[in-house]
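Working through the structure, step by step
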Amino acid sequence: MIPLVDLQAQYKAIQPELDQALLEVVRSGQYILGKQLALLECELAFFAGCSYAVGVASGTDALFLSLVALGIGKGDKVVTTPFTFIATAEVIVRCGATPVFVDVDSNGNIDLNMVEHKMPCKAVIPVHLYGNPVNMTELMKMSSMRNFLVVEDACQALGATWDGKKIGSFGHTGCFSFFPSKNLGATGDAGMVVTNDEQVASLIKKLRNHGASTHYMYDSHGLNSRLDEIQAAILRVKLKHLDEWVKSRRELAYLYDSYLSGIVTLPPDIEGHAQNYYTIQVHDRDELRQYLAENEISTAIYYPLPLHLQKVYSYLGYKKGAFPMAESLSEKVLSLPMYPELPEEGIIVICDKIKEFYQR
Ligand SMILES: Cc1ncc(COP(=O)(O)O)c(C=O)c1O
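Residues numbered from 1 in each chain as written. Predicted model: local features only at pLDDT ≥ 70, side-chain atom pairs only at ≥ 80, totals over all residues. Heavy atoms only, no water.

What about the pairing of strand β12 (residues 278-281)?
Here β12 shows two buried faces, one formed by Y278 and I280 and the other by T279 and Q281. Bridging between β12 and strand β13 (residues 333-336) involves 4 bridges; their strand directions are antiparallel. Among the inter-strand pairings, I280 is bridged to a residue of β13, identified as L334. (Buried < 20%, exposed > 50% of the residue type's maximum accessible area, 1.4 Å probe, protein only. Helix = DSSP H or I, 4+ residues; strand = E, 2+ residues; numbered from the N terminus. Pairing = 2+ DSSP bridges.)

A short note on the packing of helix α11 (residues 285-294) against helix α13 (residues 344-359)
Direction vectors running N to C along α11 and α13 enclose 130°, while the axes themselves pass 10 Å from each other. As summarised for this structure, α11 and α13 are arranged oblique, according to the angle between their axes. When the axes of α11 and α13 are compared, the crossing they make is right-handed. On the side of α11, the interface is formed by E287, L288, Y291 and L292, while α13 contributes I350, K353, I354, E356, F357 and Y358. (Axes fitted to C-alpha atoms, helices over the stretch in contact; angles between N-to-C directions. Parallel < 35°, antiparallel > 145°, perpendicular 65-115°, else oblique. Left-handed = near helix turned anticlockwise from the far one by under 90°. Contact = heavy atoms within 4.5 Å.)

A short note on the site of the ligand
Lining the immediate surroundings of the ligand are 15 residues, of which G59, T60, D153, S177 and K182 lie closest. A distance of 2.8 Å is found between an oxygen atom of the ligand and a backbone nitrogen or oxygen belonging to G59. When contributions to the shell around the ligand are tallied by element, the ones reaching two or more residues are α4 (59-69) and α5 (87-94). Residue contributions to the shell around the ligand peak at 3 residues, all from α4. Residue composition of the shell around the ligand, grouped by class: 6 nonpolar, 7 polar and 2 charged. (Near = heavy atom within 4 Å. Polar contact = N/O pair within 3.5 Å; in protein donor to acceptor, adjacent residues only side chain to side chain. Nonpolar A, V, L, I, M, F, W, Y, C, P; charged D, E, K, R; others polar.)

A short note on the pattern of salt bridges
Taken as a whole, this structure holds 11 salt bridges when the rule is applied. The closest approach of N and O atoms between R236 and E43, which form a salt bridge, is 2.8 Å. In this pair, R236 sits in helix α9 (residues 229-239) while E43 sits in helix α3 (residues 35-48), placing the two residues 193 residues apart along the sequence. Looking at E43, the relative accessible area reads 27%, which means it is partly exposed. Among the ionic pairs, R94 bridges to D61, the shortest N-O distance being 3.7 Å. (Salt bridge = Lys/Arg side-chain N within 4 Å of Asp/Glu carboxyl O.)

Section: the sheet that holds strand β4 (residues 123-124)
Hydrogen bonding along the main chain pairs the strands of a sheet, whether they run parallel or antiparallel. Taking strand neighbours across the sheet as the criterion, the 7 strands line up as β1-β9-β8-β5-β4-β2-β3 in an open arrangement whose pairing is mixed. Pairing within the sheet leaves two strands with one partner each, and these edge strands are β1 (52-56) and β3 (98-101). Relative to strand β5 (residues 149-153), β4 is paired through 2 bridges, and the arrangement is parallel. Within the sheet, the bridge partner assigned to V124 lies in β5 and is V150. Of the strands in this sheet, β1, β8 (173-177) and β9 (191-195) are in contact with helix α8 (residues 198-207), which crosses β1 at around 20°.

A look at empty space enclosed by the protein
Inspection of the entire model under this criterion finds 2 cavities of 30 Å³ or more. Estimates place the volume of the largest cavity at around 90 Å³. Lining the largest cavity we find N107, L129, Y130, N132, L266, P267, P268, H273, Y277, T279, Q281 and V333. Of the residues that constitute the lining of the largest cavity, the class distribution is 7 nonpolar, 5 polar and no charged. There is about 50 Å³ of room inside the second largest cavity. Lining of the second largest cavity is provided by V5, D6, L7, Q10, P180, K182, N183, R249, Y339, P340 and E341. Along the lines of polarity and charge, the residues of the lining of the second largest cavity split into 5 nonpolar, 2 polar and 4 charged. (1 Å grid on protein atoms, 1.4 Å probe; cavity = no way out; pocket = protein on both sides within 12 Å on 5 of 7 lines; lining within 4 Å. Points joined across faces, edges and corners; volume = space filled by probe spheres on them.)

Remarks on the side chain of D76
Among the structural elements, D76 can be located in the loop between α4 and β2 (77-80). For D76, the side chain forms a polar contact with the main-chain nitrogen of G73, separated by 2.8 Å. With residues up to four places along the chain from it excluded, the contact list for D76 reads G71, A97, T98 and K122.

Comments concerning the packing of α4 against α5
Contact geometry of α4 with α5 gives a least axis separation of 9 Å together with a crossing angle of 35°. Once α4 is placed against α5, the crossing between them reads as right-handed. Along its contact with α4, which presents T60, D61, L63, F64 and L67, the element α5 presents A87, T88, E90, V91, I92 and R94. Its residues placed into classes, the contact of α4 with α5 shows 6 nonpolar, 2 polar and 3 charged.

Description of unusual backbone geometry
In this chain, M119 is followed by P120 through a cis amide linkage whose omega measures 0°. By the secondary structure assignment, P120 is in the loop between α6 (112-116) and β4. At the junction of Y302 and Y303, the peptide bond is cis and its omega measures out at 15° in the coordinates. Summarising the element assignment, Y303 is placed in the loop between α11 and α12 (324-332). Non-glycine residue Y130 carries a positive phi angle of around 65°. Checked against the element boundaries, Y130 lands in the loop between β4 and α7 (136-146). Here Y130 falls in the buried class, since its relative accessible area comes to 6%. Notably, Y216 is not glycine yet its phi reads approximately 60°, a positive angle. Examined against the element boundaries, Y216 turns out to sit in the loop between β10 (212-214) and β11 (217-218).

In short, geometric facts, not functional conclusions.
What follows is the structure in structure tokens.
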């Protein structure tokens with residue numbers, strides 16, 4: 001069986017370091033808002049090229065608390081794409097604002113030409129889908145001209161770059177998820193906000209801890225959204241390997257590209273792509289997926305139904321046909337196994353089976 005992601009292989013590769021880090025936290029007796037988190041925040045801010053990083057309980061909370069800290073709420077319009085994980089739009093609704101969807105380009109990232117048609121708006125959430133960076137130079141230019149805030153959904157894109165600069169560091173905030181299958185995965189849920197705005201960082205620090213300014217003193221309501229010490233210690237160990245892992249992902253993507261060129265539509269060959277998911281576009285997607293499953297190869301569909309057609313957003317009034325590219329991609333995308341420890345022989349087996357399917 002070739003899995004989509006092999007977290008046990010990753011654990012085995014760095015087991016002594018992880019076991020040691022875990023044990024140290026358990027023995028320390030300090031489990032919440034301690035030394036490990038403070039160190040992780042410094043290290044991640046440095047990695048992302050930002051002045052501040054604030055650890056929270058998930059990528060979803062990183063997005064939600066960013067919106068709240070930036071003052072987005074009732075009556076505000078927030079533009080994003082319907083071809084993303086639900087969390088991107090869910091947080092807009094949760095803070096009282098309205099999601100305004102725009103279509104994506106042929107790679108699944110927000111179509112910046114379409115954003116222009118939705119002005120004015122309070123904020124835009126670009127999603128760096130599959131680890132593929134959005135053109136942030138262009139978006140930030142629009143943001144200053146049109147006066148909107150930018151919250152980067154970089155949940156799939158830690159380690160990605162645009163124009164040599166880390167994704168997450170362009171927007172007013174950048175949001176990362178450490179869900180286990182991400183490029184940097186915890187052993188549970190965790191997330192992080194990065195920003196260069198000191199006030200936003202300190203507000204999110206309060207909000208993640210029930211709004212407390214100091215011990216048991218509250219200026220506002222917040223959440224219980226803390227990144228715990230065990231997760232922080234594990235993430236610190238893994239962060240040291242992240243550059244090398246992203247490099248391996250890129251090399252594996254090139255291997256896939258070389259075997260699948262001319263057979264399927266390949267993911268974009270963009271410098272700075274972090275390759276969280278290696279996603280091809282094919283016709284007969286469901287049949288191919290079934291064929292690969294019969295041959296013990298796991299795949300995934302991110303995402304099978306765009307958000308504007310989901311029942312939960314029916315109140316927004318979008319109809320089928322509103323976003324043709326997102327709708328077409330949802331029928332064609334297929335993510336293949338991708339993890340740094342995936343051996344070349346595995347890729348050859350997968351690609352041979354894909355070729356076999358199209359030759360039948
Ligand atoms: C694009 C995107 N946004 C947001 C999230 C939410 O992150 P989390 O699962 O850590 O809450 C994810 C995670 O799957 C994601 O892929």
